[in-house]
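These are the residues of each chain, in order.
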Amino acid sequence: MSAWRGFIQFTAQDTIDRESLLYDRGQYEKAAMENTITQEAMMNEQLEKLLEDIGFMSPSLLEIVQGVRQTVKATAAVSLLDISETVKYGGILFSAKSAFGGVFAYKQHVSLEFSLGANFSDPHKVLEGSGKFRRHIKLTSTDDIAAKHVAEYITQALHQADK
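Residues numbered from 1 in each chain as written. Predicted model: local features only at pLDDT ≥ 70, side-chain atom pairs only at ≥ 80, totals over all residues. Heavy atoms only, no water.

### Brief notes about the sheet that holds strand β3 (residues 84-88)
Step number 1: With antiparallel pairing, five strands are arranged side by side in an open sheet as β3-β4-β5-β6-β7. The outermost strands of the open sheet, each flanked by one partner alone, are β3 and β7 (135-139). Adjacent strand axes in the sheet meet at a mean angle of 20 degrees when their direction is disregarded.
Step number 2: Pairing of β3 with strand β4 (residues 91-95) involves five bridges; the strand directions are antiparallel. (Pairing = 2+ DSSP bridges. Helix = DSSP H or I, 4+ residues; strand = E, 2+ residues; numbered from the N terminus. Axes fitted to C-alpha atoms, helices over the stretch in contact; angles between N-to-C directions.)

What follows is the structure, given as structure tokens:
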């Protein structure tokens, strides 16, 4: 005997076992967790490969990129924000609640780019660019990270990303 419920036909043989549903849900959650771990491992692998490539291209540019990454992480820690790094567009993108910037290595410099940098105050006059939203800071040495007050601009970016 069958009964119609909406567009799905159920028969007496179609009884649903609650335990198998819970098992299936557990398997789904386990697979989702494994997928997340796999994605994180893949992102870490991509990040390591990018850093290796930058180091091969120019050890001094790698030092600048690593210095920027450390500054971003330290500034985020002071603000009690968790950030993530993603390899995209040939560089490293930084995100908190939303993406707020990235670091990109070029032949002669490293560019620290801010997604909404046009909204920043620029007391040190180091932001470059004239677009509607983005601004960047060019770095040619690790000394530029302090000299150009990078941490102050990262703080502004983090505050905008945390909204």
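There is more to say after this.
### Concerning helix α4 (residues 150-161)
Step number 1: End to end, α4 covers 16 Å across twelve residues, agreeing with the expected 16 Å (1.5 Å per residue, within 8%).
Step number 2: Buried-residue contacts for α4 involve α2 (59-78), β5 (99-105), β6 (110-114), β7 and α3 (143-147). (Expected span 1.5 Å × (residues − 1). Contact = heavy atoms within 4.5 Å.)

### Remarks on unusual backbone geometry
The bulk of non-glycine residues show a negative phi, and the bulk of peptide bonds are trans.
Step number 1: Its identity is not glycine, yet leucine 80 carries a phi of approximately 60 degrees, on the positive side.
Step number 2: Judged by relative accessible area, leucine 80 falls into the exposed class, the value being 77%.
Step number 3: You will see that lysine 125, though not glycine, has its phi angle at about 55 degrees, which is positive.
Step number 4: Lysine 125 sits in the exposed class, given a relative accessible area of 69%. (Buried < 20%, exposed > 50% of the residue type's maximum accessible area, 1.4 Å probe, protein only.)

### Quick notes on the packing of aromatic side chains
Step number 1: Going through the model one piece at a time under the given rule, you end up with two aromatic pairs.
Step number 2: A ring pair is formed by phenylalanine 94 and phenylalanine 100, whose centres lie 6.1 Å apart and whose planes are at 20 degrees; its orientation type is stacked. Judged on exposure class, the residue phenylalanine 94 and its partner phenylalanine 100 are both buried. (Phe/Tyr/Trp six-rings, centres within 6.5 Å; stacked < 30°, edge-to-face > 60°.)

### Considerations on the environment of alanine 99
Step number 1: Within the secondary structure layout, alanine 99 lies in strand β5.
Step number 2: For alanine 99, a relative accessible area of 45% translates into the label partly exposed.
Step number 3: Discounting residues that sit within four places of it in the chain, alanine 99 has contacts with Phe94 and Ser115.

### Side note on the pairing of β4
Step number 1: Across the five residues of β4, five count as buried, placing the element largely inside the fold.
Step number 2: For β4 and β5, the ladder comprises four bridges, and the chain directions are antiparallel. The partner of isoleucine 92 across the bridge, within β5, is valine 103.
Step number 3: Counting the residues that bridge the hairpin from β4 to β5 gives three residues.

### Side note on the pattern of salt bridges
Step number 1: This model, assessed by the stated rule, comprises four salt bridges.
Step number 2: Aspartate 53 is the partner of lysine 49 in a salt bridge, and the nearest nitrogen-oxygen pair spans 3.0 Å. On the criterion of helical spacing, the pair formed by lysine 49 and aspartate 53 is a turn pair, its members being four residues apart in helix α1 (residues 18-57).
Step number 3: A salt bridge links glutamate 85 to arginine 69; the nearest nitrogen and oxygen atoms lie 2.7 Å apart. Note that glutamate 85 is positioned in strand β3 and arginine 69 in helix α2, a separation of 16 residues in sequence. This pair shows no difference in class: glutamate 85 is buried, exactly as arginine 69 is. (Salt bridge = Lys/Arg side-chain N within 4 Å of Asp/Glu carboxyl O.)

### Some points on the packing of α2 against α4
Step number 1: Close contact between α2 and α4 brings their axes to 9 Å; oriented N to C, the two are set at 55 degrees. By the angle class used here, α2 and α4 are oblique. The interaxial crossing formed by α2 with α4 has right-handed handedness. Between α2, through Thr71, Val72, Thr75 and Ala76, and α4, the contact on the second element is made entirely by Val150, Ala151, Ile154, Thr155 and Leu158. (Parallel < 35°, antiparallel > 145°, perpendicular 65-115°, else oblique. Left-handed = near helix turned anticlockwise from the far one by under 90°.)

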